[in-house]
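Here is what each chain is made of, one letter per residue.
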Amino acid sequence: EILSEIWGCSCEKQFSGYSIVAHSPPQKMAGIKKGRKSGGILVLCKAKMMNYIKVLKITKNFIWIEICKNIMKNLENNLLIACAYIHDITSSYFDINIFDDLAADITKFCDMNSPFLLVGDLNGRRST
């Protein structure tokens with residue numbers, strides 16, 4: 001399970017049958033007194049699967065994990081997952097370098113044979 005934009009979650013909660021793999025806590029901008037923290041990512045997995053998951057990197061916007069190929073059919077390589085929370089471009093929390101950071105991580109962790117997923121809250125919208 002991957003949860004994005006967890007806001008005020010202190011992650012001291014217990015999730016029955018699950019273990020916390022990684023946590024990137026919500027952030028509050030310096031100097032802002034009102035309002036809640038924004039963003040945050042929480043990665044959970046069934047407790048029995050913990051030995052098959054490796055955390056590669058945790059930042060405020062991404063958690064990179066690797067899932068062992070041995071637990072999935074038809075995979076020749078481990079599965080890489082970038083769990084993301086990307087703030088809306090109109091948000092004061094938006095980071096102009098976020099896509100450069102993502103591209104650098106993809107280059108670092110992936111090669112042409114790496115199955116890869118980008119999941120989470122990407123704040124992608126289509127409207128008029």
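Anything mentioned here points back to the structure above.
Calculation criteria
- Residues numbered from 1 in each chain as written.
- Predicted model: local features only at pLDDT ≥ 70, side-chain atom pairs only at ≥ 80, totals over all residues.
- Heavy atoms only, no water.
- Helix = DSSP H or I, 4+ residues; strand = E, 2+ residues; numbered from the N terminus.
- Buried < 20%, exposed > 50% of the residue type's maximum accessible area, 1.4 Å probe, protein only.
- Areas by Shrake-Rupley, 256 points an atom, 1.4 Å probe, with all protein chains shown as cover.
- Expected span 1.5 Å × (residues − 1).
- Arc of directions from axis to C-beta.
- Contact = heavy atoms within 4.5 Å.
- Core = buried A, V, L, I, M, F, W, Y, C linked by side-chain atoms within 4.5 Å.
- Lys, Arg positive; Asp, Glu negative; His and termini not counted.
- Salt bridge = Lys/Arg side-chain N within 4 Å of Asp/Glu carboxyl O.
- Polar contact = N/O pair within 3.5 Å; in protein donor to acceptor, adjacent residues only side chain to side chain.

**Looking at the overall build of the chain**
Here's step 1: The helix and strand tally for the chain stands at one helix and seven strands.
Here's step 2: Listing the helices and strands of the chain from first to last along the sequence gives β-β-β-β-β-β-α-β.
Here's step 3: Counting only residues that meet the buried cut, the chain has 32% of its 128 residues in that class.
Here's step 4: Counting every atom, the chain has about 8,500 Å² of accessible surface; 51% of that belongs to carbon and sulfur.

**Overview of helix α1 (residues 98-109)**
Here's step 1: An ideal rise of 1.5 Å per residue puts 16 Å on twelve residues; α1 measures up with 16 Å between its terminal C-alpha atoms.
Here's step 2: Every buried residue of α1 is listed here: Ile98, Leu102, Asp105 and Phe109. Down the axis of α1, the buried set is contained in an arc of 65°. They therefore lie on one face. Summarising the geometry of α1, the exposed residues directed more than 90 degrees from the buried face are Asp100 and Thr107.
Here's step 3: Against the buried residues of α1 lie β4 (53-58), β5 (62-67), β6 (79-85) and β7 (116-121).

**Describing the nonpolar core**
Here's step 1: With 13 residues, the main nonpolar core has Val21, Val43, Ile63, Ile65 and Cys83 as its most contacted residues.
Here's step 2: Of all the elements in the fold, those that place two or more residues in this core are β2 (18-24), β3 (41-46), β5 and β6.
Here's step 3: With four residues, β6 is the single largest residue contributor to this core.
Here's step 4: The residues contacting Val21, other than those within four sequence positions of it, are Val43, Leu44, Cys45, Met50, Ile53, Val55 and Ile65.
Here's step 5: The next biggest cluster of nonpolar side chains, apart from the first, holds ten residues, and it includes Trp64, Leu80, Ile86 and Leu102.

**Things to note about unusual backbone geometry**
Here's step 1: Its identity as a non-glycine residue notwithstanding, Asn74 has a phi of 65°, on the positive side.
Here's step 2: Position of Asn74 relative to the elements: it lies in the loop between β5 and β6.
Here's step 3: Residue Asn74 is classed as exposed on the basis of its relative accessible area of 79%.

**Here we look at the side chain of Glu66**
Here's step 1: By the secondary structure assignment, Glu66 is in strand β5.
Here's step 2: Despite its burial, Glu66 pairs with no opposite charge, the nearest such side chain being Lys54 at 4.5 Å.
Here's step 3: Within the local environment of Glu66, its side chain forms a polar contact with the side chain of Asn78, the two groups lying 3.4 Å apart.
Here's step 4: Look past the residues within four positions of Glu66 in its chain and what remains in contact with it is Tyr52, Ile53, Lys54, Leu56, Asn78, Leu79 and Leu80.

As far as function goes, none of this settles anything; it's purely spatial.
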